[in-house]
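So the chains spell out like this:
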Amino acid sequence: VAVSAMLVDTNKINQGVVYIYTQQADGKFGLLDTDGITRIANQTLTPPQNEESEGFGFGLDFGTDNLVVSSLNGDQIIPTTFDVSVYAETEDTVTTFDRDFTNFRNVKLDKGVVYVYEEVNESLIYSEQFVYPLTQTTFGENIYVNDNHVYIGMPDQVNDSAKGMLLDFRKNKTTFAWNVIS
């Protein structure tokens, strides 16, 4: 069971945490505290970006072997790199410039971020972050996990005359890497 506490101030104001409770042999959820009565979380997830007012835990959804968590006010960090290959027409040679050495960080403040935590040895480990560089509104407000797909709905996104967008991130069932499909 995952319980969101998106306004918790443990590290920074309104940063948020997610408490993970697993079922124990006695059928109850969580670990016994030192008092022998109180139940506490088995694991506490904190946002990887460590931002103030991030709202980590706004959306939660479990997949088969993962947990997807959204941060409503998370900053999207989108790298811009340069790697240009020039092909000579007269010769069969390729000249490559930069090899992604130059990297600019394009930061979209408070647009929302979606994090994926993969289950490894009965613990949830931060795996990766989803961003959408063309987002105009809050990214991660609506999330749904089904098998090897993570769907992110953006009802206020506008493209030409159409309003609303659904992104589908998917992965091969035997891998831990996700790709955006649409």
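Residues numbered from 1 in each chain as written. Predicted model: local features only at pLDDT ≥ 70, side-chain atom pairs only at ≥ 80, totals over all residues. Heavy atoms only, no water.

**Student:** I'd like a description of the packing of aromatic side chains, backed by residues and values.
**Tutor:** Within this structure, the stated rule accounts for six aromatic pairs. Consider the rings of Phe56 and Tyr117, whose centres lie 6.4 Å apart with planes at 70 degrees: the pair is edge-to-face. Here Phe56 is found in strand E6 (residues 56-62), whereas its partner Tyr117 is found in strand E12 (residues 113-120), with 61 residues between them in sequence. Each of the two residues, Phe56 as well as Tyr117, counts as buried. Residues Tyr144 and Tyr151 carry aromatic rings whose centres are separated by 6.2 Å and whose planes lie at 20 degrees to one another, so their mutual orientation is stacked. (Phe/Tyr/Trp six-rings, centres within 6.5 Å; stacked < 30°, edge-to-face > 60°. Helix = DSSP H or I, 4+ residues; strand = E, 2+ residues; numbered from the N terminus. Buried < 20%, exposed > 50% of the residue type's maximum accessible area, 1.4 Å probe, protein only.)

**Student:** Help me get a handle on the pattern of salt bridges, residues and values and all.
**Tutor:** Under the defined criterion, the tally for this structure stands at four salt bridges. In this structure, Lys171 and Glu118 form a salt bridge, with 3.7 Å as the shortest nitrogen-oxygen distance. One end of the pair, Lys171, is in the loop between strand E16 (162-170) and strand E17 (179-180); the other, Glu118, is in strand E12, and 53 residues separate them in sequence. Taken as a pair, Lys171 and Glu118 share a single burial class, namely buried. A salt bridge links Asp156 to Lys163; the shortest N-O distance between them is 3.9 Å. A residue is classified by how much of its surface remains accessible, and Asp156, at 41% relative accessible area, is partly exposed. Overlapping salt bridges, with partners in common, bring together Asp65, Glu118 and Lys171 in one network. (Salt bridge = Lys/Arg side-chain N within 4 Å of Asp/Glu carboxyl O.)

**Student:** Go over the side chain of Gln157 with me, naming the residues and quoting the values.
**Tutor:** Structurally, Gln157 can be placed in strand E15 (residues 149-159). Looking at Gln157, its side chain comes within polar contact range of the main-chain oxygen of Leu134, at 2.8 Å. The contacts of Gln157, once residues within four sequence positions are left out, are Tyr132, Leu134, Thr135, Gln136, Thr137, Ala162, Lys163, Gly164 and Met165. (Polar contact = N/O pair within 3.5 Å; in protein donor to acceptor, adjacent residues only side chain to side chain. Contact = heavy atoms within 4.5 Å.)

**Student:** Quick rundown of a nonpolar patch on the surface? Include the residues and the values.
**Tutor:** On the surface, a nonpolar cluster with roughly 240 Å² of combined accessible area is contributed by Val1, Val3 and Phe29. A relative accessible area of 39% means that Phe29 is categorised as partly exposed. (Patch = residues over 30% accessible without salt bridge, like charges linked within 9 Å, V, L, I, M, F, W, Y side chains within 5 Å. Areas by Shrake-Rupley, 256 points an atom, 1.4 Å probe, with all protein chains shown as cover.)

**Student:** Explain the sheet that holds strand E1 (residues 2-5) to me, and be specific about the residues and the numbers.
**Tutor:** One open sheet holds the three strands; their spatial order is E1-E2-E5, and the pairing between them is antiparallel. Looking at the sheet topology across the chains shown, the edges are occupied by E1 and strand E5 (43-45). The mean inter-strand angle of the sheet, taken between neighbouring strand axes irrespective of direction, is 25 degrees. When strand E2 (residues 17-20) meets E5, the two strands line up antiparallel, connected through three bridges. Residue pairing in the sheet places Val18 in a bridge with Leu45 of E5. (Pairing = 2+ DSSP bridges. Axes fitted to C-alpha atoms, helices over the stretch in contact; angles between N-to-C directions.)

**Student:** Could you give an account of the nonpolar core, with specific residues and numbers?
**Tutor:** Of all hydrophobic cores here, the largest spans 13 residues; its most connected members are Phe130, Phe139 and Ile152. Looking at this core, the elements with two or more residues in it are E12, strand E14 (142-146), E15 and E16. Of all the elements, E15 adds the most residues to this core, at three residues. One finds Leu45, Val69, Val113 and Leu124 within the second-largest nonpolar core, a separate group that totals 10 residues. (Core = buried A, V, L, I, M, F, W, Y, C linked by side-chain atoms within 4.5 Å.)

**Student:** Which residues make up the environment of Leu45, and what are the values?
**Tutor:** By the secondary structure assignment, Leu45 is in strand E5. Here Leu45 falls in the buried class, since its relative accessible area comes to 4%. Residues Leu45 and Val69 lie 24 residues apart in sequence; the distance between their C-alpha atoms is 9.6 Å. Among all residues touching Leu45, those that are not within four sequence positions of it are Val17, Val18, Ile20, Phe56, Leu67, Tyr117 and Leu124.

**Student:** Give a detailed account of the sheet that holds E6, specifying residues and quantitative values.
**Tutor:** Taken in spatial order, the four strands line up as E6-E7-E12-E13 in an open sheet, and their pairing is antiparallel. Both outer strands of the open sheet, E6 and strand E13 (123-130), are each paired with one neighbouring strand and no more. On average, adjacent strands in this sheet sit at an angle of 25 degrees to one another, irrespective of strand direction. Looking at chain direction, E12 and E13 are connected through seven bridges and run antiparallel.

These figures come from the coordinates and say nothing about function on their own.
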